[in-house]
Amino acid sequence: MMVTRLGSLNALEQEKENPFWRKRLGRRLPSADTMGRVYSGMDPEPIRGNLRHVYLRLRRNKAIPPTSGVHALVLDGHESCASYLRSCPGCLQRTFHTQEGDRTQYYHRNVVAMLLGDPFPLLLDTEEQRPGEDEVAAATRLSRRILSQYARAFELVVADGLYLRADFFRLFIERGKDILAVLKDETRDLLEDARGVFPLEKASAEEDGRTRRLVWDVEGFESWKSLGREIRVVRSLETRTCRRQQSGETEEQTSEWIWATTLPRTKVSTSAVVRLGHLRWRIENRALNEMVNYWSADHVYRHHPAAITAFWLTLMLALNLFRAFLSLNIKPSHRAGHSQLYFARLLFADLSGENSLASAQGLSPP
Ligand SMILES: [Zn+2]
């Protein structure tokens, strides 16, 4: 259902008479209602075990190369199921003040852990934010599990400014991991200290395609008192030249990025810190947006707290297998010029019994 982008349990149920199921499952497909009910009572641990199994196989096959010299773990929260009408005991809520009065919106948020990677990010695990806690609390629970299950998978954690908290940083530092996060106002003393120091330091100039950067890189800041150790701050002032589509005029856009990191300069260069900081943003956006836009991650298969996490984990497993299959099993000549959607359609054709198309391409499902 997920890989062939059917989009819902009901759409899957429409395929229940398909001989594919008798062949693969040895029985007919259960109804949409049964599948939803089973997911609501499902223990997520076996799905997590399957994700870990796929990770270990890929690692053994040396299919998880480092990015900019390090294996980096990315953590990020994602919202789903936002509704004014439907809620469940696991829903988070927020109030919007409107002209017609206050309205309560219900929603869910899951923190997703993935390994940055080429040619695809490897999705590892997810944890739901529970009512009454914040995203970092959910991320902390997820991180403890990742540190025990995937201790050797990464050397660096790359996170959003939201995670710039001393206790969250220490969780990884104590386990010998480095951490890199966008520096935001939450750590005001460090940010003010850094802003005071940068004008006194010499910036290095870099050019990367149409982007020019002035980069400051200073180690040894002690102003993040609650962290209890020194930290390095990297600032990148970027100017990008773009051409306006309508008028054809060129325009310069500037942006400022500041990161705080425990990575020492002897281990990771200034340019690599900038690259990793940007890569997190790109990959996280790409990976999560892609999950939502193309793989129906936001679809409420069943509005129930256990089901939402179990469906997320299943989607992560399906995507890892699908992407690994495309990049490792299919010959580059077969892959060239075709999108993931094309291969999803081939798999659906196979599912529908129209497998002549797939066999004509020399493909069989994973
Ligand atoms: Zn809910």
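In this text the structure is predicted, and so the values were computed from the model without any measurement. (Residues numbered from 1 in each chain as written. Predicted model: local features only at pLDDT ≥ 70, side-chain atom pairs only at ≥ 80, totals over all residues. Heavy atoms only, no water.)

### Concerning the packing of aromatic side chains
Now for step 1: All told, the structure shown has 12 aromatic pairs when counted by the stated rule.
Now for step 2: Three or more aromatic residues joined by ring pairs make a cluster, and in this case those are Phe154, Tyr163, Phe168 and Phe172.
Now for step 3: The ring of Phe154 carries the charged tip of Lys177 above its face, separated from the ring centre by 4.6 Å. (Phe/Tyr/Trp six-rings, centres within 6.5 Å; stacked < 30°, edge-to-face > 60°. Lys NZ or Arg CZ within 6 Å of the ring centre and 35° of its normal.)

### A short note on the confidence of the model for the protein chain
Now for step 1: Model confidence for the protein chain is summarised by a mean pLDDT of 88, while 95% of its residues fall at 70 or above.
Now for step 2: At the low end of the mean pLDDT range in the protein chain sits helix α12 (residues 356-360), at 48; at the high end sits helix α5 (residues 135-149), at 97. (pLDDT = per-residue confidence, 0-100. Helix = DSSP H or I, 4+ residues; strand = E, 2+ residues; numbered from the N terminus.)

### Remarks on the coordination of the zinc ion
Now for step 1: Every protein donor of the zinc ion is listed here as Cys88 (SG), Cys91 (SG), His108 (NE2) and His303 (NE2), and their distances to the metal cover 2.1 to 2.3 Å.
Now for step 2: Around the zinc ion sit four donor atoms, and with donor-metal-donor angles ranging over 102 to 129° the site reads as tetrahedral.
Now for step 3: Every donor residue of the zinc ion comes from the same chain, spaced as C-x2-C-x16-H-x194-H. Separated by 212 residues along the polypeptide, Cys91 in the loop between β1 (72-83) and β2 (92-98) and His303 in the loop between α8 (270-293) and α9 (305-329) bring together distant segments of the chain. (Donors = N, O, S within 2.8 Å, 3.2 Å for Na, K, Ca; no water. Tetrahedral: all angles 85-135°; square planar, octahedral: opposite > 155°, others 65-115°.)

### Side note on the pattern of salt bridges
Now for step 1: Inspection of every chain in the model, using the stated rule, returns 27 salt bridges.
Now for step 2: One salt bridge in this structure joins Glu256 and Arg195, with 3.0 Å as the shortest N-O distance. In this pair, Glu256 sits in strand β10 (residues 250-261) while Arg195 sits in helix α7 (residues 188-197), placing the two residues 61 residues apart along the sequence.
Now for step 3: With relative accessibility at 34%, the residue Glu256 sits in the partly exposed group.
Now for step 4: Note that Arg232 and Asp217 form a salt bridge whose closest N and O atoms lie 2.7 Å from each other. Residue Arg232 is found in strand β9 (residues 231-243), and its partner Asp217 is found in strand β8 (residues 211-221); the two are separated by 15 residues along the sequence.
Now for step 5: If you follow the salt bridges from partner to partner, you end up with Glu45, Arg48, Asp125, Glu127, Arg130, Glu133, Arg141 and Arg145 in one network. (Salt bridge = Lys/Arg side-chain N within 4 Å of Asp/Glu carboxyl O. Buried < 20%, exposed > 50% of the residue type's maximum accessible area, 1.4 Å probe, protein only.)

### So, helix α4 (residues 45-60)
Because an α-helix completes one turn every 3.6 residues, residues spaced three or four positions apart along the sequence face the same direction.
Now for step 1: Given a rise of 1.5 Å per residue, 16 residues ought to cover 22 Å, and the 22 Å separating the end C-alpha atoms of α4 matches this to within 8%.
Now for step 2: Looking only at α4, the buried set comprises Ile47, Arg48, Leu51, Val54, Tyr55 and Leu58. Taken around the axis of α4, the buried residues stretch over an arc of 120°, which confines them to a single face.
Now for step 3: Its buried side turned inward, α4 meets β3 (101-115), β4 (122-128), α5 and α9.
Now for step 4: Just downstream of α4, Lys62 is the residue with a positive phi angle, here 55°. (Expected span 1.5 Å × (residues − 1). Arc of directions from axis to C-beta. Contact = heavy atoms within 4.5 Å.)

### Section: the packing of α5 against helix α6 (residues 166-173)
Now for step 1: As a packed pair, α5 and α6 sit with axes 11 Å apart at the nearest point and diverge in direction by 5°. By the criterion of interaxial angle, the relationship of α5 to α6 is roughly parallel. Along the contact surface, α5 presents Val136, Ala139, Thr140, Ser143, Arg144 and Leu147, while α6 presents Phe168, Leu171 and Phe172.
Now for step 2: A breakdown of the residues in the contact of α5 with α6 according to their chemical character gives six nonpolar, two polar and one charged. (Axes fitted to C-alpha atoms, helices over the stretch in contact; angles between N-to-C directions. Parallel < 35°, antiparallel > 145°, perpendicular 65-115°, else oblique. Nonpolar A, V, L, I, M, F, W, Y, C, P; charged D, E, K, R; others polar.)

### Here's the deal with the pairing of strand β5 (residues 156-159)
Consecutive side chains of a regular strand alternate in pointing toward one face of the sheet and then the other.
Now for step 1: The alternating pattern of β5 places Leu156 and Val158 and Val157 and Ala159 on opposite faces, both of which are buried.
Now for step 2: Of the pairings in the sheet, the one linking β1 to β5 comprises four bridges and is parallel in character. In the sheet register, Leu73 faces β5, and the bridge partner there is Val157.
Now for step 3: As defined by bridge partners, β5 adjoins strand β6 (residues 178-182) across four bridges and the pair is classed as parallel. Counted as the bridge partner of Val157 is Ile179 from β6.
Now for step 4: As for the winding sense of the linkage, the β-α-β connection from β5 through α6 to β6 is right-handed. (Pairing = 2+ DSSP bridges. Right-handed = clockwise from strand over helix to strand, strands pointing away.)

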